[in-house]
Amino acid sequence: MSRSRTPREVALDVLIAVIEDDAYANLLLPKRLESADLHGTDAAFATQLTHGTLRALGFYDWIIAEVSGRPLRKIDAVALASLRLGAHQLLDTRVAAHAAVNETVNIVRRRAGRGPAGFVNAILRGIARRDRGEWLAQIETKVSDARERLAITHAHPRWIVDAFAAALKREDRAGELVALLEADNVAPHVQLAALPGRAGRDELASESARLRAQPAAPTALELESGDPAKLEAVQAHRARVQDAGSQLVALALTRAEALRPGERLLDLCAGPGGKSALVAAETLVAGAEFTANEVTPSRAGLVRQALEPLGEFEVTELDGREFAERAGRFDRILVDAPCTGLGALRRRPEARWRKSEQDVRELVVLQRELLDAALRATAPGGLVAYVTCSPHPAETTEVVERAVAAGAASPLDTRAICGELAPDLDLAEIRVGTGTAVQLWPHRHGTDAMFLALLRTPNEEEPPRG
C-alpha cells in the first residue's frame, strides 16, 4: 500500500510545477488535493502553503540567496522549491521552527537524497536564526535603494512596483503605494454578483448571514466564509462568483444610458465569461441582443458554460480585430482587453513572477488594435467600454488617449457614471482628454485593480478625423 501524500508534499509538487512548467496553481492544486485525498484542515494547510509561498517568493528568495551565498539559478529545482516552502513556514506561519525544518528536509531526503537534504537543512536553520522582523531589518540595512527595498519586502518585481507607483501618481496618491503592495499580499474574500432579473443584492444578503453587500457595484456581495458553490443562489444560477470591480465595469457599459429594446451588445474578448454573464442578464431584462466573442476555443467553451443558464446566445470564436470589418454592427461593445493581469495579483500570486516589461510592450499593440476594431464595429454615437485588469499606465490611459487623439472616440465622464452606480466609492479623477477614467484598487475599494474608460463613437455628421 502506497504512503499517502502530506500537505507539504502536495504544496511542493505544485510549487515545482508552477516554477518549472508554468503550471497555474489555481488549476493544478485542486487536482493534486483530490489525488492525494486531502480534505478539511489538511487541504487548507496545503493551500495556504502553496499560495503563501508563491505570494512572497521574492522576499524568500532574497533571504535564501543571502544565507546560501549563491545565486538561485545554481540551486537544484527541488532544493530551491523546498527552501522557499520552508522559509514560508518559518517566517509567515505558526508552524514550529523544528517542524518546518525537519518535515521539509525529510521530503527532500526522500526525493533527492542525503546531499540535497543536508544543504536544505543547513540553509533553513540559517534562515531560522532570525524572525521576520529581523530579516526585514537586514534588508533595510543592505539594500540602499528605497523602491528596491519595497520590491523585496513586499515581494513584487521591481518593474511592477514602478508601474504601480506611476499609476498612483496620476491620481496624486503616491503615498498609497505601500498600502497597495500590502493589499496585494492578502488573499481576498470571495465576491459574487446577483444576476439582474434573477436576484437582487439585498434579497441574497437576507438569505444568508454569510453574505454582505459589497459597495463597488450595485449587484456585488462578499462571502465572509465557506464554499460559494454550496450557496442555494449559486446552485440556482441566481448569482455567480465574480469580483466586484469586474461587475462595476460591465454595468457601467449597460447602465451609462438605459438599454433600449433591440440594442446590440458585444463582449469582444469574453473569456472566461463572467462579465458576459452579467451583461447578458442585463440585455435579457431590457430586451436587447447580446453576442460574446472569444478567440481561444477552450475559453469560448467557458463562456458558453457561463451563459447557458441564462439562455441561448451567440458565441463566436474570432480574432477580435476582425470585427473592424463589421462597421457599425453593434451599439455597445465591451473590450475587456488581454492584459498583464497586474490588477489580480492577490488572486493569482504566481502571475507577478511570470510577467515582464516585454509582455507589456507586446500586449499594448494588441490592446490598441482591439480598441480600434471595437470603435469601428460600433454604430455612430454608440458606446465602448475599454477595460483592463491592470493599472499599468501603458495598458490603460495611454491606450485610450491614443484613440481619443486620433478622433476615433470621445471620452465620457466615466468617474461620474461609476459614482452613480457605486456612490460609496472613493474614485480619483483621472483625466482622459475631455473625459475621465476610473481605476479601482484592492487597498481602497476591496476589488481587483480594474481600469475603465467609457468612449462614444462619433455621430455620422461628425466623422473621425484623419
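Quantities reported herein were computed from a predicted structural model and do not represent experimental measurements.

Visitor: Run through the packing of helix H18 (residues 357–377) against helix H19 (residues 397–405), naming residues and quoting values.
Guide: Taken N-terminus to C-terminus, the directions of H18 and H19 make an angle of 45°; their axes are 10 Å apart at the nearest point. Overall, the two elements H18 and H19 adopt an arrangement that is oblique. By crossing handedness, the relation of H18 to H19 is classed as right-handed. Here Val364, Gln367, Arg368, Leu371, Asp372 and Leu375 of H18 lie close against H19, whose contacting residues are Val399, Val400, Arg402 and Ala403.

Visitor: Help me get a handle on the state of the cysteines, residues and values and all.
Guide: What the rule picks out here adds up to 0 disulfides. We note that cysteine 389 lacks a disulfide partner, and the nearest cysteine sulfur, in cysteine 339, lies 5.6 Å from it. The buried category is assigned to cysteine 389, whose relative accessible area is 12%. Free of any disulfide, cysteine 418 has its nearest cysteine sulfur in cysteine 389, 15 Å distant.

Visitor: Explain the sheet that holds strand E2 (residues 211–213) residue by residue, including any values.
Guide: Taking strand neighbours across the sheet as the criterion, the 4 strands line up as E2-E3-E1-E4 in an open arrangement whose pairing is antiparallel. Each of the sheet's edge strands pairs with one partner strand only, and the pair in question is E2 and strand E4 (239–241). Averaged over all neighbouring strand pairs, the angle between strand axes comes to 35°, with direction disregarded. With 3 bridges joining them, strand E1 (residues 190–194) and E4 adopt antiparallel strand pairing. Each residue of the ladder has a partner; that of alanine 193, found in E4, is arginine 240.

Visitor: So what's going on with the pattern of salt bridges? Residues and values would help.
Guide: Should the charged atoms of two oppositely charged side chains come close, the side chains can pair. In the structure shown here, the tally under the stated rule is 39 salt bridges. One salt bridge connects aspartate 426 with arginine 173, and the closest N-O pair in it is separated by 2.9 Å. On the criterion of sequence distance, the pair formed by aspartate 426 in the loop between helix H20 (414–421) and strand E11 (430–432) and arginine 173 in the loop between helix H10 (158–169) and helix H11 (177–184) is long-range, its members being 253 residues apart. Judged by its relative accessible area of 17%, arginine 173 falls in the buried class. Across the salt bridge formed by glutamate 203 and arginine 238, the nearest N and O atoms sit 2.8 Å from each other.

Visitor: An account of unusual backbone geometry is needed here, citing residue identities and associated values.
Guide: Looking along the chain, the bond that leaves glycine 271 and enters proline 272 is cis, with omega of 0°. Topologically, proline 272 is positioned in the loop between strand E5 (264–267) and helix H15 (274–286). One non-glycine residue, aspartate 37, lies in the positive phi region at around 55°. With respect to the element layout, aspartate 37 can be found in the loop between helix H2 (25–35) and helix H3 (40–55).

Visitor: Describe helix H6 (residues 97–112), with residues and values.
Guide: Here H6 contains 16 residues, and its C-alpha end-to-end distance of 22 Å stays within 8% of the 22 Å for a straight helix at 1.5 Å per residue. Residues of H6 that are buried make contact with helix H1 (7–21), helix H5 (77–92) and helix H7 (114–128). Backbone geometry just after H6 places glycine 113 at a positive phi near 100°.

Visitor: Break down the side chain of histidine 392 for me, citing the residues and quoting the values.
Guide: Its location among the elements puts histidine 392 in the loop between strand E9 (378–388) and H19. Setting aside residues up to four positions removed in sequence, histidine 392 forms contacts with Trp159, Ala163, Leu342 and Val360.

Visitor: Quick one: what's the story with the pairing of E5, residue by residue and with numbers?
Guide: The sheet contact formed by E5 and strand E6 (residues 289–293) spans 4 bridges and is parallel. Across the sheet, residue leucine 265 finds its bridge partner in E6, namely phenylalanine 290. Viewed along the sheet, the connection from E5 through H15 into E6 turns out right-handed. Here E5 runs beside strand E8 (residues 330–336); their pairing, made up of 3 bridges, is parallel. In the strand pairing of E8, leucine 265 is matched with arginine 332.

Visitor: Quick one: what's the story with the packing of aromatic side chains, residue by residue and with numbers?
Guide: Inspection of every chain in the model, using the stated rule, returns 4 aromatic pairs. Ring centres 6.4 Å apart and planes at 70° place the aromatic pair tyrosine 386 and phenylalanine 451 in the edge-to-face group. In this pair, tyrosine 386 is assigned in strand E9 and phenylalanine 451 in strand E13 (residues 451–456), connecting sequence segments 65 residues apart. For tyrosine 386, a relative accessible area of 0% puts it in the buried group. Here the basic side chain of arginine 130 rests over the ring of tryptophan 135, its NZ or CZ set 4.9 Å away from the ring centre. Of note, arginine 326 hangs over the ring of phenylalanine 323, and the distance from its end group to the ring centre comes to 4.8 Å.

Visitor: Tell me about the nonpolar core, and please be specific about residues and values.
Guide: Within the largest apolar cluster, 48 residues are counted, with the highest numbers of intra-cluster contacts made by Leu248, Phe290, Leu307 and Leu452. Listing elements by their share of this core, those giving two or more residues are helix H14 (244–255), H15, E6, helix H16 (297–307), E9, H20 and E13. A total of 7 residues in this core trace back to one element, the largest contributor, which is H14. Sequence-distant contacts of leucine 452, that is, excluding residues within four places in its chain, are made with Val249, Ala252, Ala385, Tyr386, Val387, Thr414, Cys418, Ala437 and Val438. In terms of nonpolar packing, the next biggest core, distinct from the first, is built from 46 residues, Ile160, Ala377, Val400 and Val432 among them.

Parameters at a glance
- Residues numbered from 1 in each chain as written.
- Predicted model: local features only at pLDDT ≥ 70, side-chain atom pairs only at ≥ 80, totals over all residues.
- Heavy atoms only, no water.
- Axes fitted to C-alpha atoms, helices over the stretch in contact; angles between N-to-C directions.
- Helix = DSSP H or I, 4+ residues; strand = E, 2+ residues; numbered from the N terminus.
- Parallel < 35°, antiparallel > 145°, perpendicular 65-115°, else oblique.
- Left-handed = near helix turned anticlockwise from the far one by under 90°.
- Contact = heavy atoms within 4.5 Å.
- Disulfide = S-S within 2.5 Å.
- Buried < 20%, exposed > 50% of the residue type's maximum accessible area, 1.4 Å probe, protein only.
- Pairing = 2+ DSSP bridges.
- Salt bridge = Lys/Arg side-chain N within 4 Å of Asp/Glu carboxyl O.
- Expected span 1.5 Å × (residues − 1).
- Right-handed = clockwise from strand over helix to strand, strands pointing away.
- Phe/Tyr/Trp six-rings, centres within 6.5 Å; stacked < 30°, edge-to-face > 60°.
- Lys NZ or Arg CZ within 6 Å of the ring centre and 35° of its normal.
- Core = buried A, V, L, I, M, F, W, Y, C linked by side-chain atoms within 4.5 Å.

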